[in-house]
Amino acid sequence: MRRAVIVLAGVLFFGAGAWVRAVEDPALQIVAGSTRTVSRSELEKTIAPVELTVYSPVYQHPMTYRGFWLDQILQTLHIHAGEQDIVFECADGYGTSMPSGDIGKEKWLVAYGEPQGWTPLPERHARTTPGPWYVVGREPSSYKDLPWPYQVVAIKIRGDW
């Protein structure tokens, strides 16, 4: 009986550790011809994370996010969107897109967190946070063109969207 308890405790401990790592090191699926999954730690090996403080139309006050510029992610992964759209797929199945010409240089941040952890989204019945990835514009006015997609799980390059 004692061995069973020790094994169960070990499974619970290591299982919880794996869950914590998964939250701290979110994965992002990239679909551009083929499918590839990258983690925050993999991206950090080639791209320096940045902090962006921007007035959030969602929270109605300035927010600070940590992440990677979308153009740098695509460049690092050797993805050239050309005339195709960039599609952001969210955990709930929602998808939104932008023309590749709107990417710009350091215009869109693919955020993986906030300095003190994710702030729950306002006006939600259930506690919902923007992670694992949140696409945030450098300028608050960008929200009018592309309401900032939250809980992003995949970025897809598509010509038939």
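Residues numbered from 1 in each chain as written. Predicted model: local features only at pLDDT ≥ 70, side-chain atom pairs only at ≥ 80, totals over all residues. Heavy atoms only, no water.

Here we take up the overall build of the protein chain. Looking only at helices and strands, the protein chain has four helices and nine strands in total. Listing every helix and strand of the protein chain by position from the N terminus yields α-β-β-α-β-β-α-β-β-β-β-α-β. In the protein chain, which comprises 161 residues, the share counted as buried stands at 37%. Taking as baseline every contact in the protein chain between residues at least 6 positions apart, the subset at least 24 positions apart corresponds to 58%. Total accessible area computed for the protein chain in this model is approximately 9,500 Å², and 54% of it derives from carbon and sulfur atoms. (Helix = DSSP H or I, 4+ residues; strand = E, 2+ residues; numbered from the N terminus. Buried < 20%, exposed > 50% of the residue type's maximum accessible area, 1.4 Å probe, protein only. Contact = heavy atoms within 4.5 Å. Areas by Shrake-Rupley, 256 points an atom, 1.4 Å probe, with all protein chains shown as cover.)

Moving on to the environment of Ile79. Following the sequence through the fold, Ile79 ends up in the loop between helix 3 (70–76) and strand 5 (85–90). Linking Ile79 and Ile30, residues 49 residues apart in sequence, is a C-alpha distance of 9.6 Å. Those residues in contact with Ile79 that sit more than four places away from it in its chain are Ile30, Ala32, Leu74 and Ile157.

Moving on to the sheet that holds strand 7 (residues 108–113). Taken in spatial order, the four strands line up as 3-4-7-8 in an open sheet, and their pairing is antiparallel. With one partner strand each, in any of the chains shown, strand 3 (50–56) and strand 8 (134–137) form the two edges of the open sheet. When strand polarity is set aside, the average angle formed by the axes of neighbouring strands in this sheet is 55°. Bridge count between strand 7 and strand 8: four bridges; the pairing is antiparallel. Among the inter-strand pairings, Val110 is bridged to a residue of strand 8, identified as Val135. (Pairing = 2+ DSSP bridges. Axes fitted to C-alpha atoms, helices over the stretch in contact; angles between N-to-C directions.)

Turning to the confidence of the model for the protein chain, a few remarks are in order. For the protein chain, the mean per-residue pLDDT works out to 86, and 84% of the residues sit at or above 70. Segment residues 1–22: pLDDT under 50, and one contact once partners within four positions in sequence are set aside and those in other chains are kept. (pLDDT = per-residue confidence, 0-100.)

Strand direction decides the pairing type here: strand 3 and strand 4 (residues 61–69), joined by seven bridges, are antiparallel. Directly across from Val54, in strand 4, lies its bridge partner Met63. In textbook terms, the turn of a hairpin is the stretch between consecutive antiparallel strands, and for strand 3 and strand 4 this stretch comprises four residues, one of which, Gln60, has a positive phi near 65°. One ladder, built from four bridges, connects strand 4 with strand 7; its direction is antiparallel. For Gly67, the partnering residue across the bridge sits in strand 7 and is Ala111.

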